[in-house]
Amino acid sequence: MHAARVLGRTGITPFGQHVEQVMSSGPYAGAAGAFWVVDNGCSPNGARAVTRMRAAWPTAELVHLSIHATWVDPVEILF
């Protein structure tokens, strides 16, 4: 499992690079499936993000949290 980390930049490109790094290594490279739980921020939100993820990584499933999931903030701080 990869350690949680905070990316230095936001955006589609840094998010895609992070996904590539994780999905190309460790148990994820050969896994039948991997779930990516993300908030509804700018980089991974909407149907286009789901389409991009499926096109690049067919075994990865992008799961969006509720827009008003304020309980996520303490969890993000923890990691």
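Predicted, not measured: the structure shown is a model, and the values here were computed from it.

The rules behind these values
Residues numbered from 1 in each chain as written. Predicted model: local features only at pLDDT ≥ 70, side-chain atom pairs only at ≥ 80, totals over all residues. Heavy atoms only, no water. Helix = DSSP H or I, 4+ residues; strand = E, 2+ residues; numbered from the N terminus. Buried < 20%, exposed > 50% of the residue type's maximum accessible area, 1.4 Å probe, protein only. Contact = heavy atoms within 4.5 Å. Phe/Tyr/Trp six-rings, centres within 6.5 Å; stacked < 30°, edge-to-face > 60°. Patch = residues over 30% accessible without salt bridge, like charges linked within 9 Å, V, L, I, M, F, W, Y side chains within 5 Å. Areas by Shrake-Rupley, 256 points an atom, 1.4 Å probe, with all protein chains shown as cover. Salt bridge = Lys/Arg side-chain N within 4 Å of Asp/Glu carboxyl O. Pairing = 2+ DSSP bridges.

**Points about the overall build of the protein chain**
For the protein chain, the count of helices and strands is three helices and two strands. When the helices and strands of the protein chain are placed in sequence order, the string is α-β-α-β-α. Here the protein chain, with 79 residues, has 23% of them falling under the buried criterion. The contacts in the protein chain between residues at least 6 apart in sequence include a share of 56% that link residues at least 24 apart.

**Description of the packing of aromatic side chains**
One pair of aromatic rings is described through two measures. These are the centre distance and the angle between the planes. The final tally for this structure, using the stated rule, is one aromatic pair. Consider the rings of Phe15 and Trp36, whose centres lie 6.2 Å apart with planes at 75°: the pair is edge-to-face. Taken together, the residues span a long stretch of sequence, with Phe15 in helix H1 (residues 12–23) and Trp36 in strand S1 (residues 34–38) at a distance of 21 residues. Both residues of the pair, Phe15 and Trp36, count as buried.

**Here's the deal with a nonpolar patch on the surface**
Together, Phe35, Val37 and Val63 line one region of the surface with nonpolar side chains, adding up to about 310 Å² of accessible area. Position of Val37 among the secondary structure elements: in strand S1.

**Focus on the pairing of S1**
Judged by which residues are buried, S1 turns out to be one-sided: Ala34, Trp36 and Val38 face inward and are buried, whereas Phe35 and Val37, on the alternate face, are not. Bridge analysis of S1 against strand S2 (residues 60–64) gives five bridges, and the strand direction is parallel. Within S2, the position partnered with Trp36 by the bridge is Leu62.

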